[in-house]
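Here's the letter readout for the chains.
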Amino acid sequence: MKLITSVSELQILQKELCGSIGLVATMGCLHEGHAALVKESIAANKITILSIFVNPTQFNNANDLKNYPKPIDEDLKIARKLGVDIVFMPQPEELYPNKYHFKITATDPLTTYCEGVSRPGHYEGVLSIIMKLLNLIRPKKAYFGEKDFQQYTLIKRMAQSFFIDTEIVLCATIREPSGLALSSRNARLNTEQKERAVFFAKTIQGNLTIEKMKHQLKTHDIQIDYIELHDNRLYAAVIIDDIRLIDTFTIKTT
Ligand code: PAF
């Protein structure tokens, strides 16, 4: 009999026994950003599971949820082409058997600004669904994009706090040649809105003061939710008509 009294020892043993599943959790409407996560997972794991679930609890705006693009056939085609082993596409009733009576709440300092303040309840929904997926799938690694850097960091800290034996891996934001970060919400932009979205991306990457950025965006009919600097990282969220776009990157210091 083996007696284990430390969590780290238990974790080492569990790793030896456990297979190699990589998880890419998505809400569908797959694009090259998701493809990059899938490719990293396929390169590092025996099995890659892609989850597609538009998680209702993380939407604090009913219209945003209703309008969220859901091109399921196209997504399945992309997943197959990328070489995903398993697509997990559950129904909300199954993932929330007790409705939403149990949830993960975070009071980490990261929740006190940007998305944490601007979208009340959003991170509770994200952390709750990710906890469910990590418990169900028990992946060795799970992959998240840098565009949602606050989300990635909170998931990583949650996994550490609850001794979840999954490595939370950060993957670089994929951008169009124009500089616009890829996002499922880009699918909702018409040609003119897309031009404003590109202007948004160029402006925040243009080495301007935050005040100047805000001024330029406003003159292009782009509504600013926030543009803030935290720990040498710029975070921005804007609304183009009713489409909300976010972006973030580290500020290079010379
Ligand atoms: O980034 C997303 O697409 C979602 O927030 C996630 C991580 C899949 C949770 O629903």
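This one's a predicted model, so the numbers in the text were calculated from it and none came from an experiment.

### A few points about the overall build of the protein
Move 1: What the protein contains, in helices and strands, is 10 helices and 8 strands.
Move 2: Relative to the 2.2 N^0.38 estimate, which gives 18 Å for 254 residues, the radius of gyration of the protein is 19 Å and therefore close to what a compact globule would have.
Move 3: Judged by the C-alpha coordinates and their principal axes, the protein covers about 70 × 40 × 40 Å.
Move 4: Taken over 254 residues, the protein has a buried fraction of 46%.
Move 5: At a minimum sequence separation of 6, the contacts of the protein that also span at least 24 residues come to 69%.
Move 6: Accessible surface computed for the protein: about 13,700 Å², of which carbon and sulfur atoms make up 54%.

### Quick word on the site of the ligand
Move 1: Residues in close proximity to the ligand include Ala25, Thr26, Met27, Asn55, Gln58, Val126, Ile129, Ile130, Phe144 and Gln151, which together make up its full environment.
Move 2: With respect to the ligand, the side chain of Gln58 contributes an N or O atom lying 2.6 Å from an oxygen atom.
Move 3: Within the side chain of Gln151, one N or O atom sits 2.7 Å away from an oxygen atom of the ligand.
Move 4: Spatially, the ligand is embedded in the largest cavity.
Move 5: Contributions of two or more residues to the shell around the ligand are made by strand S1 (21–26) and helix H7 (122–137).
Move 6: When residues in the shell around the ligand are grouped by element, the largest group, 3 residues, is from H7.
Move 7: Classifying every residue of the shell around the ligand by side-chain character gives 6 nonpolar, 4 polar and no charged.

### Re the side chain of Lys147
Move 1: Secondary-structure assignment places Lys147 in the loop between strand S4 (141–145) and helix H8 (149–161).
Move 2: The charged side chain of Lys147 is buried without a salt bridge, its nearest counter-charge being Asp148 at 4.1 Å.
Move 3: For Lys147, the residues in contact, after removing those within four places along its chain, are Thr173, Ala181, Leu182, Ser183, Ile246, Asp247 and Thr248.

### Digging into unusual backbone geometry
Move 1: In the Ramachandran plot, Cys114 falls in the positive-phi region, its phi being about 50 degrees despite a non-glycine side chain.
Move 2: Take Cys114: it is sitting in the loop between helix H5 (92–95) and helix H6 (115–118).

### Looking at the side chain of Gln58
Move 1: Assignment of secondary structure puts Gln58 in the loop between strand S2 (47–52) and helix H3 (62–67).
Move 2: Classification of Gln58 as buried rests on a relative accessible area of 9%.

### Examining the sheet that holds S2
Move 1: A sheet is described by the order of its strands in space; here 5 strands give the open sequence S3-S2-S1-S4-S5, paired in parallel fashion. Because the sheet does not close on itself, it has two edges, and the strands there are strand S3 (86–88) and strand S5 (167–171). In this sheet, neighbouring strand axes are inclined to one another by 25 degrees on average, regardless of whether the strands run parallel or antiparallel.
Move 2: Two elements, S1 and S4, share 3 bridges in a ladder whose sense is parallel. Paired with Leu23 across the two strands is Ala142, which belongs to S4.

### Here's the deal with the pattern of salt bridges
Move 1: For the coordinates displayed, the defined rule picks out 15 salt bridges.
Move 2: The shortest N-O distance in the salt bridge between Glu115 and Arg244 comes to 2.7 Å. Taken together, the residues Glu115 in helix H6 and Arg244 in strand S8 (residues 243–250) connect sequence positions 129 residues apart.
Move 3: For Arg196, the salt bridge goes to Asp241, with nearest N and O atoms at 2.9 Å. Linking Arg196 in helix H9 (residues 191–204) with Asp241 in the loop between strand S7 (233–240) and S8, this pair joins segments that are 45 residues apart in sequence.
Move 4: Classification of Asp241 as partly exposed rests on a relative accessible area of 43%.
Move 5: Here the salt bridges do not stand alone but share partners, grouping Asp64, Glu115, Arg119, Arg185, Asp225 and Arg244 into one network.

What counts and what doesn't
Residues numbered from 1 in each chain as written. Predicted model: local features only at pLDDT ≥ 70, side-chain atom pairs only at ≥ 80, totals over all residues. Heavy atoms only, no water. Helix = DSSP H or I, 4+ residues; strand = E, 2+ residues; numbered from the N terminus. Rg over C-alpha atoms; globule rule 2.2 N^0.38 Å. Buried < 20%, exposed > 50% of the residue type's maximum accessible area, 1.4 Å probe, protein only. Contact = heavy atoms within 4.5 Å. Areas by Shrake-Rupley, 256 points an atom, 1.4 Å probe, with all protein chains shown as cover. Near = heavy atom within 4 Å. Polar contact = N/O pair within 3.5 Å; in protein donor to acceptor, adjacent residues only side chain to side chain. 1 Å grid on protein atoms, 1.4 Å probe; cavity = no way out; pocket = protein on both sides within 12 Å on 5 of 7 lines; lining within 4 Å. Sits in = over half its atoms within 2 Å of the grid points. Nonpolar A, V, L, I, M, F, W, Y, C, P; charged D, E, K, R; others polar. Lys, Arg positive; Asp, Glu negative; His and termini not counted. Salt bridge = Lys/Arg side-chain N within 4 Å of Asp/Glu carboxyl O. Pairing = 2+ DSSP bridges. Axes fitted to C-alpha atoms, helices over the stretch in contact; angles between N-to-C directions.

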